[in-house]
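# Descriptive analysis of the structure
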Amino acid sequence: MAMFESFWRIGLFLAMSAQGVLGQSVQMDSIKSGFVGSQVELRCQFMNSRPPVKISQVTWQKFLNGTKQNVAIANPALGVSVLPPFKDRVSFKHPAVRQRTPLLEDTTIVFNNLRLSDEAAYICEYTTFPAGNRENMVNLTVFARPLTRMTLTTPTIIARSQKRKMTVATCVSANGKPPSVIKWETKLKGEFNLQETRNPNGTVTVRSSYIVTPSRETHRQKLTCIVTYRNERITDSVILNVQYEPDVKIDGFDENWYLNRQDVQLTCNADANPAVTIYQWKLLNGSLPNNVEIKNNTLFFKGPVTNDLAGSYVCDATNSIGTRSGRVDVNVTDYPNNPPTREMPQEQHNSGAIIGAIVGGVVLLGAAGILLFVFLRRRQRTFKGDYSTKKHVFGNGYSKAGGLPAHPPLPKNLQYPDDSDDEKKPAQIGESGGYEGDGDFDGEAEDLKRPYFTVDEGESHEFDDRTLTFQYDPEPEIADDMVSQTDGSVISKKEWYV
């Protein structure tokens, strides 16, 4: 109600100023604010007219719940007076107001050590002659920064087997104005509640509690309270310390205990907070074998495995919270059953993977090099000349104009010198070892015995009547090496691909 009345008076004064009733004589800020304990200035300036009026007195008043209360007075003849309960905290800003002959055009006051009770509307009133009273008003809002804290419900949280929910932490933002907003940030699966309490001085205390079911999974989990006050963000965190009974597991039995196997053992591993203080081993429906040695949480079986080792082994683990048990059923076989493969260490596995990658890369690079070599080799063997170059056959009557006639018959006898092992060299006809035939000389037959060789078009050579004999079969040479063309010439395949 008081706040409504304050704003109503502000609106009234603004409306009167707009209508020219008060004019622009007194200038003030419409709204001012500050925090508890801080300092705030309330401005008040008088704009005198021409000719100027005489200022008889300036009065500051607190307006709250329809009631006015004097705060400070400045009189040119009587001086300055600040009334209780503001006397120790309110003063005029400018020293000229406190002089023997004061200047009262600026009578701004300063509040020190601001209190929540200072929140109200304040009127600055000028008494003038002959114009009368002139006044204006400012509304002062006081904020209170809250005190934020987060606490654990108990220093130690115990997880019970009943799985009951409990409050593990509480976040409080106390005595704030305006009230704060509280949120929680955590990976825990829980819930929270919210409670606001309005205090007599106008502040608000906000309280939020986080509720979870304590368990082994909630141990060492982080819980963060986030408090938002106006534009500020305040965080506080705790790490939960949850105590719980041991969670027991027996390791060491690999389903492959066979007769005469050496160095077997069973280990009782327990996850507990606080740590396990007592381990106890027992064999159901019997006593532990004689060759068993107990060290801490491990059973060592000395010597070879025998059938006496078979049975159900139980480990009891105890801490200050309680006792829990683990069990493993051991059976003994005559022979190994799927011998356990030795697991490769992680570093060795990583090293093997790296080596395999390197070897694979080298193999790929080698294959690519071989393929490139073969490709380049084949390109070198590919004919790069002019396919229009024609080869004409001389020595046996072939010509560019004629076609390829039937191959001449083979000679009956060819003689070669005896001093050649690598290549048979022909001898001239008529010499010793030459061609032996009929006594009569057959020119056509002799012409067919001449060797085959080619020349490029346009080349001109003089050939004599000498005829050489070679030891080779002319049929494969012509048939395999020469290719007939449509214009009557032939092209050697060797010329294509060499």
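Small disclaimer: the values here were computed from a predicted structure and weren't measured.

A word on the sheet that holds strand β26 (residues 311-318). In space, the 3 strands of this open sheet follow the order β23-β26-β27, with antiparallel pairing throughout. Taken across any chain shown, the strands that pair with only one partner, and hence form the sheet edges, are β23 (278-283) and β27 (323-330). Across the sheet, the axes of successive neighbouring strands diverge by a mean angle of 20°, strand direction being ignored. Bridging between β26 and β27 involves 8 bridges; their strand directions are antiparallel.

Turning next to the UniProt feature "transmembrane region" (unreviewed entry) in the chain. Residues annotated by UniProt as "transmembrane region" (unreviewed entry) correspond here to residues 353-376. With 100% helix and 0% strand, residues 353-376 has its two end C-alpha atoms placed 35 Å apart.

A few words now on unusual backbone geometry. Residue R50 is joined to P51 through a cis peptide bond whose omega torsion reads -5°. For P51, the location among the structural elements is in the loop between β4 (45-46) and β5 (54-64). The step from F129 to P130 runs through a cis peptide bond, and the omega angle for that step is 10°. Following the sequence through the fold, P130 ends up in the loop between β10 (120-129) and β11 (132-143). With a phi close to 50°, N113 is a non-glycine residue in the positive phi region. Summarising the element assignment, N113 is placed in the loop between β9 (109-111) and β10. Residue class for N113 comes out partly exposed when judged on its relative accessible area of 45%.

A separate point is the packing of aromatic side chains. Taken as a whole and judged by the stated rule, the model has 8 aromatic pairs. Ring geometry for F35 against F143: centres 5.7 Å apart, planes inclined by 50°, an arrangement best described as tilted. One end of the pair, F35, is in strand β2 (residues 31-35); the other, F143, is in strand β11, and 108 residues separate them in sequence. Ring geometry for F253 and W257: centres 5.5 Å apart, planes at 75°, overall edge-to-face. According to the relative accessible area criterion, W257 is buried, its value standing at 0%. Three or more aromatic residues joined by ring pairs form one cluster here, namely F253, W257, F301 and Y313. Sitting above the plane of the F35 ring, R145 keeps its charged end 4.3 Å from the centroid. Positioned over the ring face of F300 is K295, at 5.9 Å from the centre of the ring.

So, about the sheet that holds strand β17 (residues 204-212). Taken in spatial order, the 4 strands make up an open sheet running β12-β14-β17-β16, and their pairing is antiparallel. Where the open sheet ends on each side, the last strands, each with one partner, are β12 (147-152) and β16 (191-198). Averaged over all adjacent pairs, the angle separating strand axes in this sheet is 15°, with direction ignored.

Let us look at the environment of I123. With respect to the element layout, I123 can be found in strand β10. Note on I123: relative accessible area 0%, which makes it buried. Residues I123 and K62, spaced 61 residues apart in sequence, show a C-alpha to C-alpha distance of 6.4 Å.

Attention now goes to the state of the cysteines. Think of a disulfide as a covalent bridge from one cysteine sulfur atom to another cysteine sulfur atom. Scanning all chains against the criterion turns up 3 disulfides. What pairs with C171 in a disulfide is C225, and their sulfur atoms sit 1.7 Å apart. Residues C171 and C225 share a disulfide whose torsion about the S-S bond is about -70°; that sign makes it left-handed. Here C171 is found in strand β14 (residues 166-176), whereas its partner C225 is found in strand β18 (residues 222-229), with 54 residues between them in sequence. For C171, a relative accessible area of 0% puts it in the buried group. When its relative accessible area of 1% is taken as the criterion, C225 is described as buried. Across the disulfide from C268 sits C315; the S-S distance is 2.0 Å.

Among the nonpolar cores identified, the biggest contains 31 residues, and L42, W60, F111, Y122 and Y126 are the most heavily contacted of them. Secondary structure elements with two or more residues in this core: β3 (40-42), β5, β6 (67-75), β8 (90-92), β9, β10 and β11. With sequence-adjacent residues up to four places away left out, F111 is seen in contact with S38, Q39, V40, L42, F86, R89, V90, D118 and Y122. One finds V248, F253, V305 and Y313 within the second-largest nonpolar core, a separate group that totals 22 residues.

Turning our eyes to something else, we now look at the pattern of salt bridges. The final tally for this structure, using the stated rule, is 15 salt bridges. We note a salt bridge from R43 to D29, for which the minimum N-O separation is 3.4 Å. Of this pair, R43 sits in the loop between β3 and β4 while D29 sits in the loop between β1 (26-27) and β2, and the two are 14 residues apart along the sequence. R43 gets classed as partly exposed once you look at its relative accessible area, which sits at 27%. One salt bridge in this structure joins D329 and R327, with 3.2 Å as the shortest N-O distance. Residue class for R327 comes out exposed when judged on its relative accessible area of 54%.

Okay, the side chain of T205 next. Here T205 lies in strand β17. Polar side-chain contacts of T205 include one of 3.2 Å to the backbone nitrogen of N175. Within the structure, the side chain of T205 is placed 3.3 Å from the side chain of N199, a separation counted as a polar contact.

Rules used in this analysis
Residues numbered from 1 in each chain as written. Predicted model: local features only at pLDDT ≥ 70, side-chain atom pairs only at ≥ 80, totals over all residues. Heavy atoms only, no water. Pairing = 2+ DSSP bridges. Helix = DSSP H or I, 4+ residues; strand = E, 2+ residues; numbered from the N terminus. Axes fitted to C-alpha atoms, helices over the stretch in contact; angles between N-to-C directions. UniProt positions renumbered as here; feature names shortened; annotations may be inferred. Buried < 20%, exposed > 50% of the residue type's maximum accessible area, 1.4 Å probe, protein only. Phe/Tyr/Trp six-rings, centres within 6.5 Å; stacked < 30°, edge-to-face > 60°. Lys NZ or Arg CZ within 6 Å of the ring centre and 35° of its normal. Disulfide = S-S within 2.5 Å. Core = buried A, V, L, I, M, F, W, Y, C linked by side-chain atoms within 4.5 Å. Contact = heavy atoms within 4.5 Å. Salt bridge = Lys/Arg side-chain N within 4 Å of Asp/Glu carboxyl O. Polar contact = N/O pair within 3.5 Å; in protein donor to acceptor, adjacent residues only side chain to side chain.

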